Amino acid sequence: MSTSSGPVGPAKVRIRHLHDAKDRGRPFSMLTAYDQFSAQAFEEAGIDVLLVGDSVGTTVLGHSSTTATTHQDMLTFTGAVARSVHRPLVVADLAFGTYETGPLDAVRHGVELIRAGAEMVKLEGGHAVAPQIRALVEAGIPVMGHLGFTPQSVNALSGHRVQGRDAHGADQLAEDAVAVQEAGASALVLELVPASVAARITEVVQIPTIGIGAGPACDGQVLVWQDMAGLSGFHGKFVKTFADLRRDLTRAAEQYRVEVGERSYPGEEHSFE
Ligand code: KIV
């Protein structure tokens, strides 16, 4: 397997490499991954961090919200990705309902994600989840925070909306970012945040920020892979599609159907004597 290296280096990616990348001003890449072959393709492409996101619920399992993704789902897909790659840092989401109830629940579920192969866990929220972050870190489990639009709170936030647009909201986000850092998180996702606010937070905190719909100043970027590769058909403003997998896959399946129908597949070369 030819593995190209990302900006953080060719060896196994560790948390300290993300911190080095921030210090050197070298943006790193994160993609979601949920299964063996896509994870291996992203490793071969040199992607630095693979996020087994709870978005697996909406991109693979057919749910309309990540609130439907269960802890068991996260264990299954985290295991699949972790067993399939070597170099990228593997981060897994704590599912909705597995940490809001307190530090003990957070640690119990975090331990199970680490046992499944995650090297870091991600949870959504600021001040309110600082005790959970502290408990996870004290238990030896590295944490990635997630602020801005937090999909597990889609109902409370009244839909997918950019957060921190006014001065009060921006100040609150910056305070939450500092709270997440002070609780011990090692990195922070900023989702659907004005570019200027993400730039300010990236400046204020020492931990690397990873943006999704948060402009170019973040220390790293993340996208849901099916959006990045044009499979999902989602064309939000912050998404750039780097391929048209929906078209290519549809064409391949159509060609297969036609060749089966006219008996040109399988041919002699695909048949046994
Ligand atoms: O679950 C997920 O895919 C995420 C990204 C949107 C950052 O949390």
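A brief look at the structure comes next. (Residues numbered from 1 in each chain as written. Predicted model: local features only at pLDDT ≥ 70, side-chain atom pairs only at ≥ 80, totals over all residues. Heavy atoms only, no water.)

This paragraph deals with unusual backbone geometry. Residue Pro266 follows Tyr265 across a cis peptide bond; omega there is -5°. With respect to the element layout, Pro266 can be found in the segment after α10 (245-261). (Helix = DSSP H or I, 4+ residues; strand = E, 2+ residues; numbered from the N terminus.)

Burial runs high along strand β6 (residues 187-191): five of the five residues are buried. Across the two faces of β6 the burial is the same, with Ala187, Val189 and Glu191 and Leu188 and Leu190 all buried. In this structure, strand β5 (residues 143-148) lies alongside β6, joined through five bridges in parallel fashion. Along β6, the bridge assignment pairs Gly145 with Leu188. Traced from β5 through helix α7 (residues 167-182) to β6, the parallel crossover comes out right-handed. Pairing analysis gives four bridges linking β6 to strand β7 (residues 209-212), with the strands arranged parallel. By the bridge assignment for β7, Leu190 is matched with Gly211. Tracing the backbone out of β6, into helix α8 (residues 195-204) and back to the parallel element β7 gives a crossover that is right-handed. (Buried < 20%, exposed > 50% of the residue type's maximum accessible area, 1.4 Å probe, protein only. Pairing = 2+ DSSP bridges. Right-handed = clockwise from strand over helix to strand, strands pointing away.)

Glancing now at the site of the ligand. In the vicinity of the ligand, the contacting residues are Thr32, Leu51, Gly53, Asp54, Ser55, Asp93, Lys122, His146, Glu191, Ile212 and Val224. At a separation of 3.0 Å, an oxygen atom of the ligand approaches a polar side-chain atom of Asp54. The contact in question runs from an oxygen atom of the ligand to an N or O atom on the side chain of Asp93, over 3.1 Å. With the chains in place, 96% of the 260 Å² that the ligand exposes on its own is no longer accessible. When the residues that make up the shell around the ligand are grouped by side-chain class, the tally is three nonpolar, four polar and four charged. (Near = heavy atom within 4 Å. Polar contact = N/O pair within 3.5 Å; in protein donor to acceptor, adjacent residues only side chain to side chain. Areas by Shrake-Rupley, 256 points an atom, 1.4 Å probe, with all protein chains shown as cover. Nonpolar A, V, L, I, M, F, W, Y, C, P; charged D, E, K, R; others polar.)

So, on to α8. For an α-helix, the turn length of 3.6 residues means that residues three or four places apart are oriented alike. If you check which residues of α8 are buried, you get Val197, Ala198, Ile201 and Thr202. With its buried residues spanning 135° around the axis, α8 presents them on a single face. The outward face of α8, more than 90 degrees from its buried face, is lined by the exposed residues Ser196 and Glu203. The elements touched by buried residues of α8 are α1 (15-24), α7, β6 and β7. (Arc of directions from axis to C-beta. Contact = heavy atoms within 4.5 Å.)

Here we come to the pattern of salt bridges. Opposite charge on two side chains permits pairing when their charged atoms draw close. Applying the stated criterion across every chain yields a total of eight salt bridges. Between Lys22 and Asp219 there is a salt bridge, with the nearest N and O atoms lying 2.8 Å from each other. Taken together, the residues Lys22 in helix α1 and Asp219 in the loop between β7 and β8 (220-223) connect sequence positions 197 residues apart. Since its relative accessible area comes to 10%, Asp219 is described here as buried. Across the salt bridge formed by Arg108 and Asp105, the nearest N and O atoms sit 3.4 Å from each other. Taken together, the positions of Arg108 and Asp105, both in helix α5 (residues 103-116) and three residues apart, correspond to about one turn of that helix. Under the relative-accessibility criterion, Arg108 is labelled partly exposed at 45%. The exposure class of Asp105 is partly exposed, given its relative accessible area of 24%. Here the salt bridges share partners, and the residues they tie into one network are Asp244, Arg247 and Asp248. (Salt bridge = Lys/Arg side-chain N within 4 Å of Asp/Glu carboxyl O.)

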